[in-house]
Amino acid sequence: MYSPLTQSEFDRPFLTWQRVLDWAQDHYRCRTFGKDEKIPTRPGLLYLVERGAVRLVGSSVMTATAAIQDQDEDEDGLDPAMDEAFLGFVGPGQPFEIIAQSPFALQSYAHVDRTSVLWMYWNDLENWPHFRREVLDAFRQQHQRKLLWLSTLGQRRTIDRLLGYLTLLIEEFGQTCDDGYYLPWTLTHAQIGSAIGSTRVTVTRLMGKLRKRGLISTHGDGLICLPAEVMGKSLRDVSPKATLITEPLPLAAAV
């Protein structure tokens with residue numbers, strides 16, 4: 001796990017990043033969003049988080065369960081079922097893009113207030129070759145982390161999926177505190193449940209078990225915290241090759 005970056009480290013005035021910000025503002029390609037406000041996106045554009053955090057959500061227009069229920073009930077004119085799942089965060093200095101592939105749909109929301117996002121076409125990056133390499137490398141490392149997420153979500157026991165999921169989140173976005181490492185943004189039990197294939201009630205019950213065992217705690221205003229010992233164990237459980245992908249993204253470090 002890398003040492004989490006503080007906000008002051010994000011604000012370091014790197015020349016290339018500042019040029020990109022100036023360009024985005026000059027071309028009206030930068031906008032600030034309020035908490036839980038939907039970020040309008042479209043396929044083919046590159047998005048960069050300047051400040052705050054973006055929450056990615058996926059949905060399927062028609063789930064298999066809904067389709068079977070519709071067939072059993074033999075009712076006409078039912079609206080397609082929407083089954084949203086929390087897919088993760090995009091933090092300051094990190095890129096993301098939204099793909100469209102039926103029957104799946106991706107949406108992005110500002111997870112915290114005053115989240116600032118800029119956007120551009122991919123060919124706009126030709127103006128900054130070094131920055132373009134950092135963006136591509138950031139996407140590569142995001143892809144590698146998703147493989148770890150899939151491995152965690154493949155665990156049979158829900159409590160193992162829950163702890164593994166929280167560990168990966170805090171490894172990527174966590175900040176240090178006296179008790180260990182904490183996720184700097186709130187996350188509801190319903191959102192966690194959608195991510196690990198469980199329910200809000202089950203997540204609440206299992207979070208209580210993890211607290212009793214000392215595997216998780218809270219920091220500040222209910223933020224999820226993992227003790228340093230738990231984070232250390234999680235690092236020993238992954239292969240040396242996998243630990244390479246937990247280094248900070250070059251783009252994030254340059255913001």
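See the structure printed just above.
As the structure is a prediction and not an experimental result, all values here were calculated from the model. Per-chain numbering applies: the sequence of each chain, read as written, is numbered from 1 onward. With the structure being a predicted model, the display of local features is reserved for residues of pLDDT at least 70 and the display and counting of side-chain atom pairs for 80 or more, all residues being used for whole-chain, interface and lining totals. To get the side-chain values, all heavy atoms of the structure are used, and hydrogens and water are removed first.

Student: If you had to explain the nonpolar core to someone new, which residues and values would you point to?
Tutor: Only buried residues count toward a nonpolar core, which is a set of Ala, Val, Leu, Ile, Met, Phe, Trp, Tyr and Cys residues joined through side-chain atoms within 4.5 Å. Categorising residues by exposure relies on relative accessible area from a 1.4 Å probe, with only protein chains included: less than 20% of the type maximum marks a residue as buried, more than 50% marks it as exposed, and the intermediate range marks it as partly exposed. One finds Leu162, Tyr165 and Ile192 to be the most contacted residues of the largest nonpolar core, which totals 28 residues. Each helix is a run of H or I in the DSSP string that is no shorter than four residues. Each strand is a run of E no shorter than two, and both are numbered from the N terminus. Mapped by element, the contributors of at least two residues to this core are β4 (83–90), α4 (129–153), α5 (158–173), α6 (189–196), α7 (200–212) and β11 (223–227). If one sorts the elements of this core by residue count, α5 sits on top with 9 residues. In terms of nonpolar packing, the next biggest core, distinct from the first, is built from 14 residues, Leu21, Leu118, Trp128 and Phe139 among them.

Student: Break down the pairing of β11 for me, with residues and values.
Tutor: With 5 of 5 residues buried, β11 lies mostly within the body of the structure. In β11, alternate side chains face the same way, and those of Leu223, Cys225 and Pro227 on one face and Ile224 and Leu226 on the other are all buried. Here, a strand pair is defined by DSSP locating no fewer than two bridges between the strands. Relative to β11, strand β9 (residues 180–182) runs antiparallel, the two sharing 3 bridges. Looking across to β11, one finds that Tyr181 is bridged to Leu226. As paired strands, strand β10 (residues 217–219) and β11 are joined by 3 bridges and run antiparallel to one another. Looking at the pairing, His219 lines up with Leu223 of β11.

Student: Run through the packing of α5 against α7, naming residues and quoting values.
Tutor: Note on geometry: axes are lines fitted to C-alpha atoms, helical ones only across the stretch in contact, with angles between N-to-C directions running from 0 to 180 degrees. Viewed as axis vectors pointing N to C, α5 and α7 meet at an angle of 75°, and their least axial separation amounts to 10 Å. Taken together, the axis directions place α5 and α7 in an arrangement best described as roughly perpendicular. On the side of α5, the interface is formed by Thr158, Ile159, Leu162, Leu163 and Leu166, while α7 contributes Thr202, Val203, Leu206, Met207, Lys209 and Leu210. In this classification, Asp, Glu, Lys and Arg are treated as charged, Ala, Val, Leu, Ile, Met, Phe, Trp, Tyr, Cys and Pro as nonpolar, and every other residue, Gly included, as polar. For the contact of α5 with α7, a count of residues per class yields 8 nonpolar, 2 polar and 1 charged. In these notes the angle categories are as follows: under 35 degrees is roughly parallel, over 145 is roughly antiparallel, 65 to 115 is roughly perpendicular, and the rest is oblique. Contact criterion: two residues are considered in contact whenever any of their non-hydrogen atoms come within 4.5 Å of each other.

Student: An account of the sheet that holds strand β1 (residues 30–33) is requested, with residue identities and associated values reported.
Tutor: Spatial strand order, β1-β7-β2-β5: 4 strands in an open sheet with antiparallel pairing. Each of the sheet's edge strands pairs with one partner strand only, and the pair in question is β1 and β5 (95–96). The pairing of strand β2 (residues 45–51) with strand β7 (residues 115–121) spans 6 bridges and is antiparallel. Note on β7: the bridge partner recorded for Val49 is Val117.

Student: Can you lay out the layout of surface pockets for me, pointing to particular residues and giving the numbers?
Tutor: Rolling a probe over the atoms, with the probe sized like a water molecule, indicates the empty space that remains. By volume, the largest pocket is sized at about 720 Å³. The distinction between a cavity and a pocket rests on a 1 Å grid over the protein atoms alone: a 1.4 Å probe fits inside a cavity but cannot get out, while a pocket stays open yet meets protein on both sides within 12 Å along at least five of seven lines, and a residue with an atom within 4 Å of a point counts as lining. Lining the largest pocket are 26 residues, with Leu56, Leu87, Leu106, Gln142 and Lys146 positioned closest to its centre. For the lining of the largest pocket, the leading source of residues is α4, giving 8 residues. Class assignment of the residues belonging to the lining of the largest pocket gives a composition of 17 nonpolar, 5 polar and 4 charged. Grid points are joined across faces, edges and corners, and a volume is the space filled by probe spheres set on the points.

Student: Summarise the sheet that holds β11; cite the residues concerned and give the values.
Tutor: Read from one edge to the other, the open sheet built from 4 strands follows the order β8-β9-β11-β10, with strand pairing classed as antiparallel. With partners counted over all chains shown, the strands left at the sheet margins are β8 (175–177) and β10, one partner each. Mean inter-strand twist for the sheet, computed between neighbouring axes without regard to direction, equals 45°. Bridge count between β8 and β9: 3 bridges; the pairing is antiparallel. Each residue of the ladder has a partner; that of Thr176, found in β9, is Tyr181. Running over the sheet, α5 touches β8, β9 and β11 and is turned about 95° from β11.

So yeah, pure geometry; function would need other evidence.
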